[in-house]
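Chain and residue survey
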Amino acid sequence: MVGLALNRDVFTFRSVLLLLMWTVVLLIPFVLTQKKCLYVTAASLLFVDGFINLFHWILLKCPLNASSIFVFLNTNFSEASEFMTIKMTPLLLMFIPYIALFVITLKRIPKLSFRSTGEIVVWLALWLSVALFFTDNIVHKRFLRLAVPDVERAVISFFKESEEYSKLKDHTLRPLDAKLTTDDPTLVVVVIGESCNRNHMSLYGYGRATTPRLQARQDILVFDNVVSANSNTLYSVMNFLTENNIEHHRPLDSCIHIFDVLHSSPYRSYWISNQAPIGLWENGVTNLVQSADVKRFVNVTSNSSMESTQIASFDQRLFAPLQTSLNDERKHKVVFVHLLGCHTQYNKRYPNEFGLFEDKGDRRTRAINTYDNSVYYNDFVVDSIFSMLRTYSLVHPDVRVSALYFSDHGENVYDEGDNCGHNYSGSIPKSNVEIPFVLWLSPSQMKYLEARHSLVDRLHAPYMIDDLFHTLIDLSDIATPCFDKSRSFINSDYDATRPRILEDGNLY
Ligand SMILES: [Zn+2]
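Cut-off values and rules
Residues numbered from 1 in each chain as written. Predicted model: local features only at pLDDT ≥ 70, side-chain atom pairs only at ≥ 80, totals over all residues. Domains from an automatic or database assignment. Axes fitted to C-alpha atoms, helices over the stretch in contact; angles between N-to-C directions. Helix = DSSP H or I, 4+ residues; strand = E, 2+ residues; numbered from the N terminus. Parallel < 35°, antiparallel > 145°, perpendicular 65-115°, else oblique. Left-handed = near helix turned anticlockwise from the far one by under 90°. Contact = placed C-beta atoms within 7 Å. Nonpolar A, V, L, I, M, F, W, Y, C, P; charged D, E, K, R; others polar. Buried ≥ 20, exposed ≤ 12 C-beta atoms within 10 Å, placed from the backbone. Core = buried A, V, L, I, M, F, W, Y, C linked by C-beta atoms within 7 Å. Pairing = 2+ DSSP bridges.

**Considerations on the domain arrangement of the protein**
By domain assignment, the protein separates into domain 1 (2-167) and domain 2 (173-487). Spacing between the C-alpha centres of domain 1 and domain 2 amounts to 40 Å.

**Let's talk about the packing of helix 15 (residues 319-327) against helix 16 (residues 363-395)**
Running from amino to carboxyl end, helix 15 crosses helix 16 at an angle of 25°, the nearest separation of the two axes being 11 Å. Between helix 15 and helix 16, the interaxial angle falls into the category roughly parallel. Helix-helix and strand crossings are classified by hand; for helix 15 and helix 16 the assignment is right-handed. In this structure, helix 15 uses F319, L322, Q323 and L326 to contact helix 16, whose residues at the interface are S384, I385, M388 and Y392. The class makeup of the residues in the contact of helix 15 with helix 16 is six nonpolar, two polar and no charged.

**What to know about the environment of D415**
With respect to the helices and strands, the residue D415 is situated in the loop between strand 9 (412-413) and strand 10 (420-421). Of the residues examined, D415 has 19 C-beta atoms within 10 Å and is grouped as partly exposed. Sequence separation between D415 and I368 is 47 residues, and the spatial gap between their C-alpha atoms is 9.2 Å. Apart from residues lying up to four places away in sequence, D415 is in contact with N197, N199 and S431.

**Observations regarding the nonpolar core**
By size, the foremost hydrophobic cluster in this structure holds 88 residues, and its most contacted members are V189, V190, V191, F336, V337, I385 and A403. The dominant element in this core, judged by the number of residues it contributes, is helix 16, at 11 residues. In terms of nonpolar packing, the next biggest core, distinct from the first, is built from five residues, L64, I69, V151 and F158 among them.

**Section: the pairing of strand 11 (residues 437-441)**
With respect to burial, strand 11 is a largely interior element, five of its five residues being buried. Across the two faces of strand 11 the burial is the same, with F437, L439 and L441 and V438 and W440 all buried. Pairing of strand 3 (residues 220-223) with strand 11 involves four bridges; the strand directions are antiparallel. Counted as the bridge partner of F223 is F437 from strand 11. In this structure, strand 8 (residues 400-407) lies alongside strand 11, joined through five bridges in antiparallel fashion. Paired with A403 across the two strands is W440, which belongs to strand 11.

Right, dumping it as structure tokens:
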């Protein structure tokens, strides 16, 4: 009922019906034996389920799900209490009537028995209906999806997903048929931003001058119609680094990863990251990128990914390892640079001299100001990387260099509703998925690509980064059977009519 009042969009009557059905099941031992302790056990189980559910509904306006368990388990006590003060709301008072109802339930044990003909008929009818419902769902292999209550389904999904990510550790590089289509030396640099909402970049028309350096550049292509399908790092990375996308999900340990492709070709791959390599969210990403030839994690001071977001580790720490990878004499290289970008806490994302806007005022003002400062610093980081590559290409004019900057997802900084962060309930806000997508090309690479088709024509074309796998293969001039040119944004055969269905199931 609380769910119905708080967020009608994600509330389903099915959830209530399921709990009633499970109540009937849990009461079977009590009805048959009349033992009080069995009644108390059933009531307590339902109480705990409801307690978790109520708590989650009040804090996040939706039923418990696997992603919020990932976040909660990755949070230490001080962050949890900080989160609680942020979300402290009078709605938490609902726990008083809830607990009171539980006490009454325990004190007034109902007379439920299995003696008279009437009772027997009613119970048998109830049990038969529940049994039919369960059997039907088991036969059609949808028991977990349709017959398990919200909380339990979230817990089971959480364990299933964790298992899938840990299996990634055992993913052995798969030899593929992957050939280079060029003899030119090539370098592809993929700068993966974090939580950057393009609507906070003046490069994309934001009122505050948050990206003066990128705006001053004459040598970049700025694409303004690119979105992420997912609203968190893990799901987004798992899609854009593998052949998986919103339409096709294969088990992660058996689908083709970008490193399988690169490793089967003459490329050397690098993963340089300022994100913590440990923590539940990152374990998935870390396990996936274990297959890169060279790995460098510069941010290893924290115990969890959540803790790492509280500690300042500025993205400029990535410049030195990036330069080292550029100095590598290998003829074909792909270098991934994973930024901490604009992740919460925003005021820990930039050095003092980038504090353009004051970290003062009410909660909302401070969040927007510090977020914009992180975008301002991010502008410096991305611009510096492009400049490093420009210098590199002046020294190595024979190497065709491509550098792509985009963000894994966006961030809602009170842009839509009274919310800050990239969690959501119901449908994804646009600010969570509208991301920057910027390409820097060396003159030789620009000439090479432009000879094939006009990239300028694509500046406003729709694209979703869950298909980036194909664009990366294309940028790297690799021919391999899993490559689908209609999914490569830079290909002349790119299919711009693909419907952009986001992870919430809605069309962007
Ligand atoms: Zn992210």
